[in-house]
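Notes for the structure review
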Amino acid sequence: MLSIDRLTQYLAVDPSNVELAADLVELHLRAGDHSEAVRVLHGLPPSSQSSPRVQFLLAQVDLAAGRYGAAEERLVRLREGGHDSLATGHDLAFALLCQRRLDEARAVLCDVDARHPGEPAVQILHARIELMAGNMALADQWLGKVLDVIPSHPEALGLRALGLLDAGDDAGAQANAAACLAVDPDQHEALITAGSLALANRQPVRAQEYFSRALSRFPNSGRALSGSGQVQMLQGELQHAGQTLARAVACMPDHIGTWHALAWAQLLCGDVVAAETSYRSALALDRNFAESHGGIAIVALLTGRTAEGEASMTRALKLDPGTISGRYARTLWLQENGRETESTALFAELMARNALPGIDEQDPALLARRLRSLVTARSSSR
């Protein structure tokens with residue numbers, strides 16, 4: 001295919017040429033330049049907007065922009081109009097996956113499988129569905145089918161890396177991410193994996209490089225936004241972190257860990273109302289998740305709701321004695337009960353583990369006073 005510059009020149013001479021415009025749009029989409037893709041498509045005459053290829057490309061733009069319902073509508077119309085290609089079926093299933101309608105996505109893929117058996121892109125999408133469903137073993141079977149035929153397939157390697165990361169196999173995740181990025185330095189899941197591992201190893205600069213690279217191509221990547229926001233927290237950029245993490249939960253509202261990170265950033269900025277809302281959003285996703293109960297305990301103890309805070313703290317520590325938020329809530333509870341030595345010892349343990357991002361105080365009482373003063377100041381300004 002010709003270069004972007006050359007196609008742009010040709011299209012300037014023949015601005016109503018749908019095929020030239022479509023080829024140029026595909027190059028812009030591959031480069032992650034969605035705004036240019038939209039500009040080219042909208043520059044075509046109105047009579048060309050309804051052509052199947054233009055409608056398919058508009059659906060791809062919708063997918064890239066996170067408008068999954070709009071993409072679904074376009075792709076359904078194409079199929080109903082007899083334009084039911086492999087790519088159309090694949091992208092429709094992907095749009096359904098992004099809306100977390102997994103059974104419908106599986107049904108579309110089964111239909112695609114029947115007409116296009118053994119297609120790597122379809123097998124990879126099967127794996128994506130199962131990863132979202134938490135079926136790691138089944139997802140890996142689908143990826144294995146691809147990698148058995150194409151051992152260096154970047155998307156399959158990247159997805160396997162992310163699956164291993166989520167399963168707790170950091171070594172396997174690292175190996176697959178490295179193998180993937182050696183083939184494709186922009187592969188989304190491999191960048192997320194590499195960034196997450198760097199973040200876990202307290203390498204914020206390196207982590208941000210990976211997340212920023214992912215976001216340059218996939219600006220609505222919830223995982224990349226979440227990782228980037230957590231890096232900003234480690235670097236003390238709390239306002240920016242809150243904004244980034246708010247975007248992350250908008251992109252993936254069912255990711256509990258990102259709700260927790262957002263709540264902590266909001267708490268450190270003194271916005272206790274927003275923090276409690278975020279913790280309760282996380283709790284609504286899983287009523288038995290210890291960190292959510294611990295977060296609510298922190299908010300309650302900081303705002304003088306001692307009995308509620310103690311009850312939530314107790315529940316958090318019962319569910320998971322190692323919960324970070326529950327243990328920090330306990331430092332607050334110990335302070336309130338005059339047990340300063342125990343509070344300081346527990347706080348020091350949390351700090352030694354770097355468990356509280358965005359914190360530089362070494363004195364638990366000082367941190368508690370700072371948080372309470374922030375909460376008070378923010379409440380009085382409303």
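The preceding data block contains the structure.
This write-up is about the structure you can find in this document. (Residues numbered from 1 in each chain as written. Predicted model: local features only at pLDDT ≥ 70, side-chain atom pairs only at ≥ 80, totals over all residues. Heavy atoms only, no water.)

**A look at the overall build of the protein chain**
Scanning the protein chain for helices and strands turns up 22 helices and zero strands. Taking the principal axes of its C-alpha atoms as reference, the protein chain extends roughly 75 × 45 × 35 Å. For the protein chain, the exposed area adds up to about 17,200 Å²; of that, 54% sits on carbon and sulfur atoms. Computing the positive centroid from 35 side-chain charges and the negative centroid from 45, the protein chain places the two 4 Å apart. (Helix = DSSP H or I, 4+ residues; strand = E, 2+ residues; numbered from the N terminus. Areas by Shrake-Rupley, 256 points an atom, 1.4 Å probe, with all protein chains shown as cover. Lys, Arg positive; Asp, Glu negative; His and termini not counted. Charge placed at Lys NZ, Arg CZ, Asp CG, Glu CD.)

**Considering the side chain of His-188**
The topology assignment puts His-188 in helix α12 (residues 188-200). Classification of His-188 as buried rests on a relative accessible area of 18%. Here Glu-189 takes part through its side chain, which lies 3.2 Å from a polar atom of the side chain of His-188. Of the polar contacts made by the side chain of His-188, one reaches the side chain of Ser-221; its length is 2.7 Å. In contact with His-188, not counting residues within four places along its chain, are Ala-214, Phe-218 and Ser-221. (Buried < 20%, exposed > 50% of the residue type's maximum accessible area, 1.4 Å probe, protein only. Polar contact = N/O pair within 3.5 Å; in protein donor to acceptor, adjacent residues only side chain to side chain. Contact = heavy atoms within 4.5 Å.)

**Topic: the pattern of salt bridges**
Within this structure, the stated rule accounts for 28 salt bridges. Here Arg-53 makes a salt bridge to Glu-19, at a shortest N to O gap of 2.4 Å. Here Arg-53, found in helix α4 (residues 52-64), pairs with Glu-19, found in helix α2 (residues 18-30); they are 34 residues apart in sequence, far enough to count as distant. Accessibility expressed as a relative area gives 23% for Arg-53, which makes it partly exposed. Classification of Glu-19 as partly exposed rests on a relative accessible area of 45%. Note that Asp-186 is salt-bridged to Arg-217, the shortest N-O span being 3.7 Å. One end of the pair, Asp-186, is in the loop between α11 (170-183) and α12; the other, Arg-217, is in helix α13 (residues 204-217), and 31 residues separate them in sequence. (Salt bridge = Lys/Arg side-chain N within 4 Å of Asp/Glu carboxyl O.)

**Comments concerning α13**
With 14 residues, α13 extends 20 Å from end C-alpha to end C-alpha; this agrees with the ideal 20 Å at 1.5 Å per step. Looking only at α13, the buried set comprises Ala-207, Gln-208, Tyr-210, Phe-211, Ala-214 and Leu-215. Viewed along the axis of α13, the buried residues span an arc of 160°, placing them on a single side of the element. Facing away from the buried surface of α13 by more than 90 degrees, the exposed residues are Val-205 and Glu-209. Close packing links the buried residues of α13 with α11, α12 and α14 (222-234). (Expected span 1.5 Å × (residues − 1). Arc of directions from axis to C-beta.)

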